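# Working through the structure, step by step
Listed below, chain by chain, are the residues.
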Amino acid sequence: MDDINYSLYLVTGRDLLPPGKDYFQSLEESLQGGVSVVQIREKKADTAEFLDIARRSKAVCDKYNVPILINDRVDVAIAINARGVHLGQTDMSIATARSLLPEGAIIGVSCNNENHVRAAIQDGVDYVGIGAVWGTQTKQLTSPVIGVRGVGKMLEILDGTEVKAVAIGGIKTTNLLRTLHGCVSTTDHALDGVAVVSDIVASKEPRVVAEKFTKILEAFRAINFGLLVAPRSVPSKDQILASVNDLINTVRKTGPLVHQITNTVVATQSANITLALGASPIMATEPQEMGDLSRICGALLVNIGTMRSDGKESMTLAGYHANMNKKPVVFDPVGVGASAFRKETVKDLLNTWQASVIKGNAGELASIAGSTEVASKGVDSVGSGFSDPSSFVRALAKKERCVVVLTGPVDYISDGVWVAALRNGHEILRKFTGSGCIVGSSIATYCAAAVAVGRDTENTDGRLVYGDMFIGAIAGVLVLTVAAEIAAKREDVKGPGTFLPALIDELWVLTPSDVLSMARIDIC
Ligand SMILES: Cc1ncc(COP(=O)(O)OP(=O)(O)O)c(N)n1
Ligand SMILES: Cc1nc(C(=O)O)sc1CCOP(=O)(O)O
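Residues numbered from 1 in each chain as written. Chains lettered and ligands numbered in written order. Predicted model: local features only at pLDDT ≥ 70, side-chain atom pairs only at ≥ 80, totals over all residues. Heavy atoms only, no water.

The name given to the chain in an unreviewed UniProt entry is Thiamine biosynthetic bifunctional enzyme, and the organism recorded there is Collybia nuda. Per UniProt, the chain has the following entry under Function (unreviewed entry): "Condenses 4-methyl-5-(beta-hydroxyethyl)thiazole monophosphate (THZ-P) and 2-methyl-4-amino-5-hydroxymethyl pyrimidine pyrophosphate (HMP-PP) to form thiamine monophosphate (TMP)." (UniProt positions renumbered as here; feature names shortened; annotations may be inferred.)

Shown next as structure tokens:
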């Protein structure tokens, strides 16, 4: 029976040891830190040396009751009585290996694409090693990096089978939580473990690194393997509005710093809207500052409206640091359908970091979902939208593993389970540029507040961000659209030119009770 715990799967790499560090000492320390299975990978050793290393490694692993697998060499596995082998796509066939190995031996196989996974299931392997999930310096890759969403799709193929799965390639303590969350399939199939070489082996303190891995893996397990939304009964309108009320007060009380990488058309009005809400904007774009800013800001907004290729580095780094520092990332993929450059960039960004909220119009979200139901023209959506917007946002939220906000005459917001339909707003919002962009700033502001509230009430380290991003997104949309209704009715508002300053003023004086009394919200 496969009783192996694949959680923290160490693949050895003697050539990566820090100067002066003994291989067996390093191995033992990593086992003390929680490594749960070890693969001996010797690409340069001759058979005698491989056998010697494998035998002595097994003696160390036996002390900790940790199973040992052998990379590529079935003969070595048999000779040292290892638990099994790990085979690559061009190594011995699974059937031949099975016929040579003792009954019950474990066989794992590397998979770089979905067909490999299907074949592995047919061949009756015990586990698959899916990689490379990220770029790696440890080996020359012969197939493209898969990315977390690619891993998720491969896990879905394993649904209903007993085959276990680990991801490999560039996995580090710093990206582990993002890796674990990102790799969950739309059917909630999560990884059984992660395989790591350099982050552990190249460390002077492999025990400390392994302990960090173990702690994060346990925290992820504690939240049901990253279930997108903690199970909750249908949220009532009153509960939602009470939480929105808390967030409005929290913003006013704490004035969170909201880092915004946004487009040049709307930067000033976005900053002013943020100030009017009671928060503090910082519109920084220099790649070098992204780490420092992430530590001090409450949330990050990334808006690609006027992005150039030289802006991608800041967006990539900002989102990466935000994930590392558990800060919400609100993503506004402005005009994503307009060009191949935008599509590729958005795909890369969403594969690098996990957004907490994706906000877009129908055309933009259709492009992200790969749907042809709604077209776009530049940054605008064309036509009357989706025939079933609720189902669309729910499915996209599940696919992208975040809250999705579909803006339009009715705004739809989903966490992958529940959908809120918000019917506030005014048509004048469509008569000046960047009204969608300021919704992004507002959502980021209230997501920052949601973190502040969540940090006080939640005690799990397994989440990418604390707090309820669904409520943060609802608050962001509600506050802006209610203020817009009030501003549009003012006598001094003659058109879009006088509306924008009036909107800023109304946001400045808006009270939670205005929002609660005017909110038109349905939950389904
Ligand atoms: C767990 C795990 N997954 C994948 C690999 C890669 O194996 P392979 O394709 O055989 O490449 P080499 O390791 O031989 O370079 C692995 N070793 N372990
Ligand atoms: C051995 C191996 N196999 C890979 C694959 O993609 O199949 S990536 C890889 C190396 C992983 O090393 P690190 O943890 O240092 O990035």
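So, on to the sheet that holds strand β17 (residues 411-414). One open sheet holds the nine strands; their spatial order is β10-β9-β11-β12-β13-β16-β17-β18-β19, and the pairing between them is mixed. Edge strands, defined here as strands with exactly one partner in the open sheet, are β10 (280-282) and β19 (521-523). Averaged over all pairs of adjacent strands, the angle between their axes in this sheet comes to 20°, without regard to strand direction. In this sheet, β19 lies alongside strand β18 (residues 419-422) in antiparallel orientation, the contact comprising three bridges. Residue pairing across strands places A420 opposite I523, the latter belonging to β19. Along the sheet, helix α15 (residues 362-369) contacts β12 (329-332), β13 (357-360) and β16 (403-406); its crossing angle with β13, the most-contacted strand, is approximately 130°. (Pairing = 2+ DSSP bridges. Helix = DSSP H or I, 4+ residues; strand = E, 2+ residues; numbered from the N terminus. Axes fitted to C-alpha atoms, helices over the stretch in contact; angles between N-to-C directions. Contact = heavy atoms within 4.5 Å.)

Moving on: the site of ligand 1. Residues in close proximity to ligand 1 total 15 residues, the closest being Q39, R41, K43, S110 and K139. One nitrogen or oxygen atom from the side chain of N71 is found 3.2 Å from an oxygen atom belonging to ligand 1. At 3.4 Å from a nitrogen atom of ligand 1 is found a side-chain nitrogen or oxygen belonging to H86. Taken by itself ligand 1 offers 420 Å² of open surface, and the protein chains cover 87% of this. Here the residues of the shell around ligand 1 are counted per class, giving four nonpolar, six polar and five charged. (Near = heavy atom within 4 Å. Polar contact = N/O pair within 3.5 Å; in protein donor to acceptor, adjacent residues only side chain to side chain. Areas by Shrake-Rupley, 256 points an atom, 1.4 Å probe, with all protein chains shown as cover. Nonpolar A, V, L, I, M, F, W, Y, C, P; charged D, E, K, R; others polar.)

For the rest of this paragraph, the subject is the pairing of strand β4 (residues 84-87). Walk down a regular strand and you will see the side chains alternate between the two sheet faces. Both faces of β4 are covered, namely the face carrying G84 and H86 and the face carrying V85 and L87. With three bridges joining them, strand β3 (residues 68-71) and β4 adopt parallel strand pairing. Looking at the pairing, I70 lines up with V85 of β4. Both β4 and strand β5 (residues 106-111) contribute to a ladder of four bridges, which runs parallel. When the bridges of β5 are listed, G84 appears paired with I106. In this fold, β4 hands off to helix α4 (residues 94-100), which returns the chain to β5; that crossover is right-handed. (Buried < 20%, exposed > 50% of the residue type's maximum accessible area, 1.4 Å probe, protein only. Right-handed = clockwise from strand over helix to strand, strands pointing away.)

Looking at the assigned domains, one finds that the chain contains domain 1 (8-223) and domain 2 (237-523). Distance between the C-alpha centres of domain 1 and domain 2: 39 Å. The interface of domain 1 with domain 2 comprises 18 residues on the first partner and 18 residues on the second. In terms of surface lost to domain 2, no three residues of domain 1 exceed R149, R178 and H181, which account for 39% of the buried area on that side. Where domain 1 touches domain 2, the interface holds two salt bridges. Seen at the junction of domain 1 and domain 2, the total is eleven residue pairs in polar contact (both at pLDDT 80 or more). (Domains from an automatic or database assignment. Buried area = accessible area lost by both parts, 1.4 Å probe. Salt bridge = Lys/Arg side-chain N within 4 Å of Asp/Glu carboxyl O.)

A few words now on the sheet that holds strand β1 (residues 8-11). Taken in spatial order, the eight strands line up as β1-β2-β3-β4-β5-β6-β7-β8 and close into a barrel, and their pairing is parallel. Within this sheet the neighbouring strands show an average axis-to-axis angle of 25°, counted without direction.

A few words on the UniProt feature "domain: Thiamine phosphate synthase/TenI" (unreviewed entry) in the chain. Mapped onto this numbering, the UniProt entry gives "domain: Thiamine phosphate synthase/TenI" (unreviewed entry) at residues 8-200. From the first C-alpha to the last, residues 8-200 spans 11 Å; its make-up is 38% helix and 19% strand.

The next thing to look at is the pattern of salt bridges. Taken as a whole, this structure holds 24 salt bridges when the rule is applied. Close ionic contact of R207 with E211 constitutes a salt bridge, the shortest N to O distance being 2.8 Å. Taken together, the residues span about one helical turn, with R207 and E211 both in helix α9 (residues 206-222) at a distance of four residues. A residue is classified by how much of its surface remains accessible, and R207, at 34% relative accessible area, is partly exposed. Between R308 and D310 there is a salt bridge, with the nearest N and O atoms lying 3.3 Å from each other. A relative accessible area of 56% places R308 in the exposed class. Relative accessible area serves as the criterion here: at 54%, D310 is assigned to the exposed category. Residues participating in the shared-partner salt-bridge network are R14, E42 and E49.

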